[in-house]
Amino acid sequence: MANHVGQKPLEFRCPPRLFSHCVALAGSVPGPSAALFAPDPNGVKVSIMLEEIGLPYEPHTIDFNKDDQKTPEFLSLNPNGKIPAILDPNGPSGQPLGLFESGAILEYLAEKTGKLIPADPARRWQAIQWVHFQMGGIGPMFGQVGFFHKFAGKDFEDKRPRDRYVAESKRLSASWSGTLRASSGSWATNTPSPTFRCSVGCAT
Ligand SMILES: N[C@@H](CCC(=O)N[C@@H](CS)C(=O)NCC(=O)O)C(=O)O
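Residues numbered from 1 in each chain as written. Predicted model: local features only at pLDDT ≥ 70, side-chain atom pairs only at ≥ 80, totals over all residues. Heavy atoms only, no water.

Scanning the chain from N- to C-terminus turns up 5 helices and 4 strands. From first element to last, N terminus to C terminus, the chain shows the α and β order β-α-β-α-β-β-α-α-α. Per-residue burial over the chain gives 35% buried out of 204 residues. Counted over contacts in the chain with a minimum sequence separation of 6, partners at least 24 positions apart contribute 59%. (Helix = DSSP H or I, 4+ residues; strand = E, 2+ residues; numbered from the N terminus. Buried < 20%, exposed > 50% of the residue type's maximum accessible area, 1.4 Å probe, protein only. Contact = heavy atoms within 4.5 Å.)

Rendered as structure tokens:
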């Protein structure tokens with residue numbers, strides 16, 4: 001069974017003490033057999049996607065208070081020790097596939113089902129660009145705001161890190177909501193045509 005590097009055997013099993021949270025599924029399920037979550041922003045992205053596309057799946061709750069995400073079983077699925085992660089028993093070529101990183105999981109599920117992603121190549125790449133915008137910008141920056149504003153970092157005397165992340169989060173939000181305002185229909189797949197024109201070295 002292939003894991004994240006496609007070589008070592010995937011050892012993940014739902015730990016017995018978590019099993020009460022697991023939903024057993026019928027044998028030939030076309031979707032991921034296991035989706036590992038905690039009720040937090042990155043986990044929710046994948047659970048919303050799974051519900052929207054209607055793939056049957058088996059959720060496993062990961063308890064941060066018990067460090068479930070640091071167990072050898074979980075680390076065999078995601079060496080980074082973070083949720084979400086999925087295990088699809090029917091991955092490419094019918095082989096099992098373990099995946100982590102919420103953006104990669106969203107793209108994988110979209111490609112697998114052809115749902116929530118346009119078939120048209122240009123619009124498809126626009127949708128993917130917004131996934132990367134979320135993963136590289138919104139996720140990390142908002143996460144730092146949370147740390148410095150609400151969690152352990154709120155007691156730090158030096159407020160410059162907090163202020164920096166707040167400013168960057170506001171800047172990201174402005175560029176995102178500007179696109180929302182400018183587009184009609186589905187904002188993620190209907191980005192307005194750029195008014196930018198190349199002057200040097202562009203094909204058009
Ligand atoms: N870039 C990763 C981030 C994943 C992540 O940060 N997960 C957090 C919860 S939102 C986590 O598992 N935290 C537990 C820990 O760090 O031990 C993704 O989008 O999947």
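On to the environment of Leu106, then. Within the secondary structure layout, Leu106 lies in helix H3 (residues 102-113). We classify Leu106 as buried; its relative accessible area is 17%. With 11 residues separating them along the chain, Leu106 and Ile117 place their C-alpha atoms 9.9 Å apart. Look past the residues within four positions of Leu106 in its chain and what remains in contact with it is Lys45, Val46 and Met49.

Another aspect to go through is the environment of Pro41. Its place among the elements puts Pro41 in helix H1 (residues 41-53). The spatial distance from the C-alpha of Pro41 to the C-alpha of Ser102 is 9.8 Å, given a sequence separation of 61 residues.

Put simply, H1 and H3 touch, their axes get as near as 9 Å, and they point 10 degrees apart. Between H1 and H3, the angle falls in the class roughly parallel. Listed contacts from H3 to Asn42, Lys45, Val46, Met49, Leu50 and Ile53 of H1 are Ser102, Ile105, Leu106, Leu109, Ala110 and Thr113. Class assignment for the residues of the contact of H1 with H3 results in 8 nonpolar, 3 polar and 1 charged. (Axes fitted to C-alpha atoms, helices over the stretch in contact; angles between N-to-C directions. Parallel < 35°, antiparallel > 145°, perpendicular 65-115°, else oblique. Nonpolar A, V, L, I, M, F, W, Y, C, P; charged D, E, K, R; others polar.)

This paragraph deals with the packing of aromatic side chains. One pass over the full model with this rule turns up 5 aromatic pairs. Residues Phe147 and Phe156 carry aromatic rings whose centres are separated by 5.9 Å and whose planes lie at 75 degrees to one another, so their mutual orientation is edge-to-face. Each ring, one from Phe148 and one from Tyr165, has its centre 5.7 Å from the other, and the planes form 15 degrees; the classification is stacked. Of this pair, Phe148 sits in helix H4 (residues 121-149) while Tyr165 sits in helix H5 (residues 160-182), and the two are 17 residues apart along the sequence. A relative accessible area of 11% means that Phe148 is categorised as buried. Ring-pair connections join several aromatic residues into one group, and the members of that group are Phe147, Phe148, Phe156 and Tyr165. (Phe/Tyr/Trp six-rings, centres within 6.5 Å; stacked < 30°, edge-to-face > 60°.)

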